[in-house]
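What follows is the residue order along each chain.
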Amino acid sequence: HQIVNSYAIICLEDIDIKNLIEKKPYMAKSVLDASWNRFRTYVTYKAESAGRKVILVNPAYTSQMCSGCGSIVKKGLSERIHNCLKCGLVMDRDLNASKNILKQISQLEKEIEKLESQQKSLEQYLSSPDVYGNVSDLTNKTKEFNAVKKTIEEKMYEWTILSERLHDIENQFS
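From a predicted model like this one, the values you see are computed outputs, not experimental measurements. (Residues numbered from 1 in each chain as written. Predicted model: local features only at pLDDT ≥ 70, side-chain atom pairs only at ≥ 80, totals over all residues. Heavy atoms only, no water.)

A. Broad picture of the side chain of arginine 93. Topologically, arginine 93 is positioned in helix H5 (residues 93-127). Of the side chains with opposite charge, aspartate 94 lies nearest to the buried arginine 93, which makes no salt bridge, at 4.9 Å. In terms of polar contacts, arginine 93 uses its side chain to reach the side chain of serine 63, at 3.1 Å. Among residues more than four places away in sequence, those in contact with arginine 93 are Ser63, Gln64, Lys75, Gly76, Leu77, Glu79, Arg80, Ile81 and His82. (Helix = DSSP H or I, 4+ residues; strand = E, 2+ residues; numbered from the N terminus. Buried < 20%, exposed > 50% of the residue type's maximum accessible area, 1.4 Å probe, protein only. Lys, Arg positive; Asp, Glu negative; His and termini not counted. Salt bridge = Lys/Arg side-chain N within 4 Å of Asp/Glu carboxyl O. Polar contact = N/O pair within 3.5 Å; in protein donor to acceptor, adjacent residues only side chain to side chain. Contact = heavy atoms within 4.5 Å.)

B. The arrangement of helix H4 (residues 36-49) in detail. Relative to the 20 Å expected for 14 residues at 1.5 Å per residue, H4 spans 20 Å between its end C-alpha atoms, a close match to the ideal helical length. The first or second residue beyond H4 is glycine 51, which carries a positive phi of 75°. (Expected span 1.5 Å × (residues − 1).)

C. The nonpolar core, seen in detail. Formed by Ile112, Leu115, Leu122, Leu126, Phe145, Val148 and Ile152, the largest nonpolar core amounts to seven residues. Elements with a contribution of two residues or more to this core: H5 and helix H6 (135-172). The leading source of residues in this core is H5, at four residues. (Core = buried A, V, L, I, M, F, W, Y, C linked by side-chain atoms within 4.5 Å.)

D. Region of interest: the pattern of salt bridges. The tally for this structure, following the rule as stated, stands at one salt bridge. For arginine 80, the salt bridge is made with aspartate 94, and the minimal N-O distance between the two is 2.8 Å. Residue arginine 80 is located in the loop between strand S2 (53-57) and strand S3 (81-83), and its partner aspartate 94 is located in helix H5; the two are separated by 14 residues in the primary sequence. By relative accessible area, arginine 80 is classed as partly exposed at 38%.

Encoded structure:
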């Protein structure tokens, strides 16, 4: 209840538990003891009934990738310090992950900016009087415009989720 009551949007790592157990049988007891799937199911159910949103976040490499140089630095789950032998960066693994998420946000902002520019060009084209002579072109451009608009909305939503995740991680270090 505390998680659902505290946050409007709840991000959980999208971990394929069955696959994890199959690939790493030595972790099966720990994973099953922790009841990850039950926790996810419970939080999702409670969030939906409370009008909250649950987002499953791709956990791939956010803590493994070096935020300094981009190298992959393998580490076990119990290893809390990121130590890159390639560039010498040493920091808490969660802080390293937050910096990688920040880079993802920055990349999303650039993609959104590019899409918005594309959307503006399409709006100008669709508002021109010449377009109405060619119904087929108008239909195609309208579909393209709607697809761009939808992509912008999806990228903005993804940006919001990553920003909130970053904010939560930063609060751990405040």
